[in-house]
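Take a look at the letters that make up each chain.
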Amino acid sequence: MSALLELQDVHAAYGLSRVLFGISIEVNEGECVCLLGRNGVGKTTTMRSVMGLTPPSAGRIRFKSRDITGWPPHRVARAGVGFVPEDRRIFAELSVWENLDVARRAAARPGRWTIEAIVDLFPVLGKLHDRQGGFLSGGEQQMLTIARTLMGNPELLLLDEPSEGLAPLVVEALLAKVGELKAQGLTILLAEQGIEFSLALADRVYVLEKGAVRFAGSSAALRSDRSVLDQLLMV
Ligand SMILES: Nc1ncnc2c1ncn2[C@@H]1O[C@H](COP(=O)(O)OP(=O)(O)OP(=O)(O)O)[C@@H](O)[C@H]1O
């Protein structure tokens, strides 16, 4: 069986600054795969390369066996990839409801994610429906950001550092929600610096360093690999 997403020897750069040096990863249907690594190793850029925001300078990207290398972001979204960026781009002046409505209108594909289904998953967004985005807590903003991306009905969710800047209890609540999405069969590629968040969710892990994969294996294998934990993750 071929992978849902496959990156093969992907290189990427910002202008003259080279950032990815031959990333090869696979995400199978229904899996949660985590990209781990310290600040600046290339996790975000790997996701941006899939999404077409930073197209690869070399290498191939396949989604559902189709070569999507260099496709523009709207076309990648329509093919079934949703991206939740690290910087939570919600509309601060719009209410929760309006934010979701904008996402509904802009949805990349038809599918099961209605506003009602979103509120089932995130009841807090239902309770806060008329609150402006800018007045939500960090955790609520993160849930709204994920909700907006789900409205596009992705088959693969790219989730960039969802736990960043959130208090431990909020991270736990978020972890449970992402776990529910996984249990519902959504395929997830997650980038994280927080190893506990990642290992609680991920079936498999890739640890990056300086734009290359240094470790690939199961979460259990990573937990017991002291040298990778010490050298690449400093935990
Ligand atoms: N727009 C940009 N222009 C130039 N260099 C960039 C740009 N965005 C990222 N970089 C550089 O690319 C490298 C990889 O960054 P990237 O954001 O992919 O790493 P990361 O592992 O996701 O880290 P972080 O957790 O900080 O997002 C870093 O050295 C970063 O400074």
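Residues numbered from 1 in each chain as written. Predicted model: local features only at pLDDT ≥ 70, side-chain atom pairs only at ≥ 80, totals over all residues.

If you check an unreviewed UniProt entry, the protein appears there as ABC transporter ATP-binding protein from Bradyrhizobium jicamae. As stated in UniProt under Function (unreviewed entry), the record for the protein gives "Involved in beta-(1-->2)glucan export. Transmembrane domains (TMD) form a pore in the inner membrane and the ATP-binding domain (NBD) is responsible for energy generation." (UniProt positions renumbered as here; feature names shortened; annotations may be inferred.)

Draft legend 1. Local environment of the overall build of the protein. Scanning the protein from terminus to terminus reveals 10 helices and 10 strands. In summary, the protein has a C-alpha radius of gyration of 17 Å against a globular reference of 18 Å for 235 residues, a match within 12%. Put simply, of all contacts in the protein between residues at least 6 apart along the chain, 67% involve residues at least 24 apart. (Helix = DSSP H or I, 4+ residues; strand = E, 2+ residues; numbered from the N terminus. Rg over C-alpha atoms; globule rule 2.2 N^0.38 Å. Contact = placed C-beta atoms within 7 Å.)

Draft legend 2. Up close: the sheet that holds strand E10 (residues 212-218). Read across the open sheet, the six strands follow the order E6-E7-E8-E3-E9-E10; overall the sheet is mixed. Of all the strands in the sheet, the pair left with one neighbour each is strand E6 (81-84) and E10. Pairs of neighbouring strands in the sheet enclose a mean axial angle of 15°, with direction left out of account. Pairing of strand E3 (residues 32-36) with strand E8 (residues 187-192), which is carried by five bridges, proceeds in the parallel orientation. Its bridge partner being in E8, Leu 36 is matched across the sheet by Glu 192. Each of E3, E6, strand E7 (156-160), E8 and strand E9 (204-209) touches helix H1 (residues 43-51); the most contacted strand, E7, lies at about 150° to it. (Pairing = 2+ DSSP bridges. Axes fitted to C-alpha atoms, helices over the stretch in contact; angles between N-to-C directions.)

Draft legend 3. Geometry of the site of the ligand. Tyr 14, Gly 40, Lys 43, Thr 44 and Thr 45 are the nearest of the 13 residues found near the ligand. Sort the elements by how many residues they give to the shell around the ligand and H1 lands first, with three residues. Classifying every residue of the shell around the ligand gives four nonpolar, eight polar and one charged. (Near = placed C-beta within 6 Å. Nonpolar A, V, L, I, M, F, W, Y, C, P; charged D, E, K, R; others polar.)

Draft legend 4. A look at the environment of Ala 220. By the element assignment, Ala 220 lies in helix H9 (residues 219-223). For Ala 220, a count of 11 C-beta atoms within 10 Å translates into the label exposed. As for Ala 220 and Val 207, which are separated by 13 residues in sequence, their C-alpha atoms are 13 Å apart. (Buried ≥ 20, exposed ≤ 12 C-beta atoms within 10 Å, placed from the backbone.)

Draft legend 5. Molecular detail of the sheet that holds strand E5 (residues 66-67). Strands sit in the order E2-E1-E4-E5 across an open sheet of four strands; the sheet is antiparallel. Both outer strands of the open sheet, strand E2 (17-27) and E5, are each paired with one neighbouring strand and no more. With two bridges connecting them, strand E4 (residues 58-63) and E5 associate as antiparallel partners. Paired with Arg 62 across the two strands is Asp 67, which belongs to E5. Packed on one face of the sheet, H1 meets strand E1 (5-14), E2 and E4 and runs near 70° to E2.

Draft legend 6. Highlighting helix H7 (residues 168-183). Helix length check: H7, at 16 residues, gives a terminal C-alpha distance of 22 Å against a target of 22 Å (1.5 Å per residue), a fit within 8%. Within H7, burial applies to Val 171, Leu 174 and Val 178. Buried positions in H7, seen along its axis, are confined to an arc of 65° and lie on one side of it. Across from the buried face of H7, at angles greater than 90 degrees, the exposed residues are Leu 169, Ala 176 and Ala 183. If you follow the buried residues of H7, they end up packed against helix H6 (138-150), E7, E8 and helix H8 (195-201). (Expected span 1.5 Å × (residues − 1). Arc of directions from axis to C-beta.)

Draft legend 7. Looking closely at the nonpolar core. If you look at the biggest cluster of nonpolar residues, it comprises 66 residues, and the most contacted ones within it are Val 81, Ala 147, Leu 158, Leu 189 and Leu 190. What Leu 190 contacts, discounting residues up to four positions off in sequence, is Cys 32, Cys 34, Leu 159, Ser 198, Leu 201 and Ala 202. (Core = buried A, V, L, I, M, F, W, Y, C linked by C-beta atoms within 7 Å.)

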